Amino acid sequence: MIEVIVAMDIIDDRCVRLTQGDYDQKTVYAGSPLDMAKEFESAGVRRLHLVDLDGARTRKPVHLHVLERIASQTSLNIDFGGGLASSADLESAYDAGATIVVVGSVAVEQPELFCNWLQEYGGDGILLAADVRGESVAINGWQQTTSLRIVDQLRRYIPYGLTQYLCTDIAKDGILDGPSAELYSGLNRVFPQLRLIASGGVSSIEDIQALERVGCHGVIVGKALYEGKIDMPSLQPFFETQC
């Protein structure tokens, strides 16, 4: 069964959600990140996708203390990304409790460094964030769209040990009108050996099931959960398979 991963995006030590990656279109949610993480864990969540949006914008991790707090006070497996730009940043994230580090901009701007990370930490310890507008990869908190096509990026890194990637269709992010199943289906046909985690647009259990049918290994659920479009009881069957 597809793995459901709950998203938590952080700005100024608070949980937020952006719309289509726009920092000027953000919703701030009540409750501290730690309290929300504990609630998620109590509800059966196993894996948290924690994004340091301040770090993504400034290109330097800002909220490692949030990661450390959640990792030390819950048993959640945590993906952590946002501003990880050096080997020291990766070590800091792992030391703070990240199970998997999420890397986007470096994989575009410093491919040799990213190759070194894949070889040093292994494909299971690094999640490539291949976020797209159309077919082009966007970086730096989605503020810059590059000329690099996602298929070319994935092909580049498979020989170096890439095993998994996160693909967000930015046009779908935060608007709750369904995921880009056709995009993911096409990517899975081209790269069946890679584990694809889909993100953006998920608004119902039916959306999750549609992504499972096209071969996605995992799915990020964020705004739909925070705004009550999907409730925790309906996600229980997915969490139980992850025990």
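Each value, and the rule that gives it
- Just so you know, the residues in each chain are numbered from 1, in the order the chain's sequence is written.
- Local features in this predicted model are restricted to residues whose pLDDT is 70 or higher, and side-chain atom pairs enter the listing and the counts only when it is 80 or higher, whereas totals over whole chains, interfaces and linings include all residues.
- Side-chain metrics in this entry use all non-hydrogen atoms of the structure; hydrogen atoms and water are not considered.
- Relative accessibility thresholds used throughout: buried, under 20% of the residue-type maximum; exposed, over 50%; partly exposed, between the two (1.4 Å probe, protein chains only).
- Only runs of H or I of at least four residues qualify as helices and only runs of E of at least two qualify as strands under DSSP, and these elements are numbered from the N terminus.
- Only strands joined by at least two bridges in the DSSP assignment are considered to pair.
- We define the nonpolar core as a collection of buried residues of types Ala, Val, Leu, Ile, Met, Phe, Trp, Tyr and Cys that are connected through side-chain atoms lying within 4.5 Å of one another.
- Any pair of residues with heavy atoms lying within 4.5 Å of one another is described as a contacting pair.
- Stacked, edge-to-face and tilted are the three classes for Phe, Tyr and Trp ring pairs, Trp counted by its six-membered ring, which pair at centre distances within 6.5 Å; planes under 30 degrees apart are stacked, over 60 edge-to-face, the rest tilted.

A few words now on the pairing of strand 1 (residues 3-11). For strand 1, the buried fraction is high: nine of the nine residues fall into the buried class. Here strand 1 shows a buried face lined by Glu 3, Ile 5, Ala 7, Asp 9 and Ile 11 and a second buried face lined by Val 4, Val 6, Met 8 and Ile 10. Two strands pair when backbone bridges link them, and strand 1 and strand 4 (residues 47-52) are joined in this way by five bridges, in the parallel orientation. Residue Val 6 lies in a different strand from strand 4, and its bridge partner there is Leu 48.

Counting residues in hydrophobic clusters, the biggest one holds 71 residues, and the most contacted among them are Met 8 and Ile 208. No other element matches the five residues that helix 6 (residues 111-121) contributes to this core. Apart from residues lying up to four places away in sequence, Ile 208 is in contact with Ile 2, Val 4, Val 202, Val 219, Val 221, Ile 230, Leu 235 and Phe 238. Membership of the second largest hydrophobic core comes to nine residues, among which are Ile 5, Leu 127, Ala 129 and Leu 166.

Strand residues, when the strand is regular, have side chains that alternate between the two faces of the sheet. A large share of strand 4 lies buried, amounting to six of its six residues. Sheet topology places strand 4 next to strand 5 (residues 77-81); five bridges connect them, and they run parallel. Bridge pairing in strand 5 links His 49 to Asp 79.

According to the stated counting rule, one finds four aromatic pairs in the structure shown. Where Tyr 29 meets Tyr 226, the ring centres are 4.8 Å apart and the plane angle is 25°; that geometry is what we call stacked. Here Tyr 226 lies in helix 10 (residues 223-226) and Tyr 29 lies in the loop between strand 3 (22-28) and helix 1 (33-42), a separation of 197 residues in the sequence. Taken individually, Tyr 29 and Tyr 226 each receive the classification buried, so the pair is uniform in this respect. Where Phe 114 meets Tyr 157, the ring centres are 4.7 Å apart and the plane angle is 75°; that geometry is what we call edge-to-face. Of this pair, Phe 114 sits in helix 6 while Tyr 157 is found in helix 7 (residues 150-157), placing the two residues 43 residues apart along the sequence. Across the pair, Tyr 157 and Phe 114 agree in class, each one buried. Through a chain of ring-to-ring contacts, the aromatic side chains of Tyr 29, Phe 40 and Tyr 226 assemble into a single cluster.

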